[in-house]
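Remarks on the overall topology
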Amino acid sequence: MKYGFFDDVNQEYVIHTPQTPYPWINYLGNERFFGLISNTSGGYAFYRDARLRRLTRYRYNNIPVDNGGRYFYIYDDGDYWTPGWMPVKRELEQYECRHGLGYTSIMGERNGIRATQLAFVPLSFDGEVHQVKLQNTSLQTKKIKLFSFVEFCLWNAYDDMTNYQRNLNTGEVEIQDSVIYHKTEYRERRNHYAFFSANRPLAGYDTDREAFLGLYNGLDQPQTVAAGQASNSIASGWSPVGSHCIEITLEPGKETSCNFILGYVENPEEEKWESHGVINKKQAHAMIAQFADETDVKQALSELRAYWYNLLSKYTLQSHDDKLNRMVNIWNPYQCMVTFNMSRSASYFESGIGRGMGFRDSNQDLLGFVHQIPERARERIIDIASTQFENGGAYHQYQPLTKKGNHEVGGGFNDDPLWLIVGTAAYIKETGDFGILDEQVPFDGNVERAATLFEHLKRSFYHVINNLGPHGLPLIGRADWNDCLNLNCFSATPDESYQTTQNLEGRVAESVFIAGLFVYTGPDFIELCKRRGLDEEASTAQAHVDRMRAATLEHGFDGEWFLRAYDHYGDKIGSKDCEEGQIFIEPQGFCVMAGIGVEEGLAHKALDSTRDRLETPYGIVLQHPSYSRYYINLGEISSYPPGYKENAGIFCHNNPWIMMAEAVIGRGDRAFELYSKIAPAYLEDISDIHRTEPYVYAQMIAGKDAVREGEAKNSWLTGTAAWNFIAITQSILGIQPEWDGLRIDPCIPTAWDEFIVTRVFRGDTYVIHITNPQHVSKGVATVTVDGTLLTNNILPVAADGAIHQVKVLLG
Ligand code: BGC
Ligand code: NOJ
């Protein structure tokens, strides 16, 4: 069942009922100010850091789901309602939500009033614009009142939920003209405030939650709105809110609009005050003035749309498959940008208080957006590398505001360092900017202890080599990519975290996955050594890679597939000899992507076993059989009920590794079949089963052993976005950035006749027309660029800023 449709021309997903199977959300903001907004106006906003600079409150685990947002109530002659349906839930005669790229528009109509809330964060603007348009669709004159509503968060979202001894006393506001200023803690140590403005004179306002709602009322029944009368309350402690009350008279057929700005301002210490106790509002006034009129909003929205159009134009596809086109051209790159901005910090599932930017997560996210904004990828790489330890290990996470490693989580995840090589290599291949390797980058945030980025990569590489186990395979540490495979943890205490609790010394448990990752990215490090003239370094590294490949073949293959790991006792995990968890997806993907066992025919076996044992109609499960009981030697993975999350859920993040592995061995039909099994646009018709948004990937779909097979969870912030983008654009469609050019090497379904990719690469535009008259999956017969035949399948960098016509013949 569908709840909307894709409007490809406008690059929007259009939802035609507020009662989607789960809140279907969108992200606002590109640089510093961000918001989340659902199809019923729920959500919240923050400045840069979802924990430390939260502007508005949002309650997780709320009842009903998705309660709290930027709401606009319409009071109409005793009746009141909200255009997004929630929170009042009064029946609407019409409803439509359009989620676009960086903006959302929600329209509701009731009793002769059509109201549309348009929400976005303009470019280079530290605030959200909410424009509310009201149209009288009746034959009578309408006299209505519009009440806005936001609930302010007392900045630190964690404190805001926990420290009530303090919180109930600190709230402070100022009101001037039509602007409500939230200035809690500004008096002492903060230099920032929020404001909520309206570009109309007010009939009244409220800034105290209790006065606005009534102590025992929910957001569905604010007492002021019900009475059609603001109470002009001034918050003092308790819970500050912002609500404007505006009187509007509309003749039949007439339309009007109000602009509301929810903004954030920081003042320099010496300019904090206008006069004693009165905050300096200069910057707020300037921001408000930018959106004085309706046309200002229109203009800013079209600039935002142009910005996105430009970003998405870096890679576009024309194919016979609309679903594929919309994934590749719009929604997947869009999700990649959102994961770049957020990492795993703020979504409807990540509260934005527990997790900063992940070391491995951010490096992988980078793969999906580096072609869109390489300069920000560069900055990100340096930020991530700056948190690395001198021994090559890494903090698992860092805070975006401070750019410091997160001590609470610490390090010890032995795959982490390698992702820095993966991310940096992707950046250099995209840009040709080898100069980044000479940047001086601190260790552990300490500028006095700095070394070149190249040195950081070297430490990453040797962190693996310095931590090998009994079989010559990498020690796993706390965990590898699979955070829940905790082989040294042995936790029997419910209150400790599997990821951070004291581990055993653990110099036995090894990861075949890390071995695969090492052999996959080792050649990148070797190539960089060579290009720096470090031939000896390169050949030493090559020897390590060769040894790792041999160790994987010798100790990491189990007859029909790659093993997953060795545990603390040196026993096999992911082996036919195991009672449960006999085969895991991760090493089948990464070892084959690394080319291990391809010549020997083992890669085929591994992928056939994956198909036979792990594949389901909804995707590939993480392992099989799922764990039916808790194994203390395995940790969190066996703590999940069968079929969920890492315990045999379909982890969408690593399905593309199998697509890419299938492409390595040339099976294009398989690669694409797997792609379309989990790509959300293909799941639109089963939205009632799938439940999360049909325009973005979710982290997990419940697997075959789950009670609710096929049901997705945790949409938006997942490495799934980046890897699926790489799988489709590079492995399947076959446009691969390389050190010295663009390699063309598709691996497609045999039925495909042709497709065209337009790719911007290092300033040039390549229009690549690929034809497949012989209906092969893989194999490039000829390539011509602007009519000239190439001797291989790598497009050299033209560096002339021109558009180049490329014809590729498969066969
Ligand atoms: C989740 C993992 C996640 C880990 C770290 C676990 O509870 O299952 O998917 O990687 O926490 O946040
Ligand atoms: C989510 C985490 O963010 C990611 O780092 C990890 O690789 C996966 N879960 C798998 O456990």
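Everything discussed here concerns the structure shown above.
The present account deals with the structure reproduced in this document. (Residues numbered from 1 in each chain as written. Chains lettered and ligands numbered in written order. Predicted model: local features only at pLDDT ≥ 70, side-chain atom pairs only at ≥ 80, totals over all residues. Heavy atoms only, no water.)

All residues in the neighbourhood of ligand 1 are listed as R355, D483, C484, Q499, E636, Y640, K645, E646, F651 and Q699. Contact distances for ligand 1 include 2.6 Å between an oxygen atom and a side-chain N or O atom of Y640. E646 is positioned with one of its side-chain polar atoms (N or O) 2.6 Å from an oxygen atom of ligand 1. In isolation ligand 1 has 310 Å² of accessible area, and contact with the protein removes 77% of it. (Near = heavy atom within 4 Å. Polar contact = N/O pair within 3.5 Å; in protein donor to acceptor, adjacent residues only side chain to side chain. Areas by Shrake-Rupley, 256 points an atom, 1.4 Å probe, with all protein chains shown as cover.)

Let us look at helix 9 (residues 374-385). Look at helix 9: 16 Å from first C-alpha to last across 12 residues, which is about the 16 Å you get at 1.5 Å a residue. Within the span of helix 9, buried status applies to A377, R380, I381, I382, D383, I384 and A385. (Helix = DSSP H or I, 4+ residues; strand = E, 2+ residues; numbered from the N terminus. Expected span 1.5 Å × (residues − 1). Buried < 20%, exposed > 50% of the residue type's maximum accessible area, 1.4 Å probe, protein only.)

Turning our eyes to something else, we now look at unusual backbone geometry. For the bond running from M86 to P87, omega is -5°, close enough to zero to count as cis. Take P87: it is sitting in the loop between strand 8 (79-81) and strand 9 (94-99). Backbone torsion omega between H624 and P625 reads -15°, so that peptide bond is classified as cis. With respect to the helices and strands, the residue P625 is situated in the loop between strand 33 (623-624) and strand 34 (650-651).

Attention shifts here to the sheet that holds strand 14 (residues 173-176). The strand order across the open sheet formed by 10 strands is 1-2-9-10-11-12-19-16-15-14, and the pairing between neighbours is antiparallel. Single-partner strands in this sheet number two, and they are strand 1 (4-7) and strand 14. Strand after strand, the sheet turns through a mean of 15° between neighbouring axes, direction not considered. As judged from the eight bridges shared by strand 10 (residues 103-110) and strand 11 (residues 113-120), these two strands associate in the antiparallel manner. Looking at strand 11, one finds that Y103 is bridged to F120. Against the sheet, helix 5 (residues 282-290) makes contact with strand 12 (127-136), strand 14, strand 15 (179-182), strand 16 (192-198) and strand 19 (255-266), and its axis sits at roughly 150° relative to strand 19, the strand it touches most. (Pairing = 2+ DSSP bridges. Axes fitted to C-alpha atoms, helices over the stretch in contact; angles between N-to-C directions. Contact = heavy atoms within 4.5 Å.)

With their axes 8 Å apart at the nearest point, helix 16 (residues 655-664) and helix 17 (residues 668-678) run at an angle of 165° to one another. Compared by their axis directions, helix 16 and helix 17 come out roughly antiparallel. As helix 16 packs across helix 17, the resulting crossing turns out to be left-handed. The residues of helix 17 that touch helix 16, namely those facing N655, P656, I658, M659, E662 and A663, are R670, A671, L674, Y675 and I678. Residues that form the contact of helix 16 with helix 17 fall into these classes: eight nonpolar, one polar and two charged. (Parallel < 35°, antiparallel > 145°, perpendicular 65-115°, else oblique. Left-handed = near helix turned anticlockwise from the far one by under 90°. Nonpolar A, V, L, I, M, F, W, Y, C, P; charged D, E, K, R; others polar.)

Let us look at the site of ligand 2. Neighbouring ligand 2 are R344, R355, R360, D361, W481, N482, D483, E646, F651 and Q699. Take D361: an N or O atom from its side chain is 2.7 Å from an oxygen atom of ligand 2. Between ligand 2 and E646, the relevant distance is 2.5 Å, taken from an oxygen atom to a side-chain nitrogen or oxygen of the residue.

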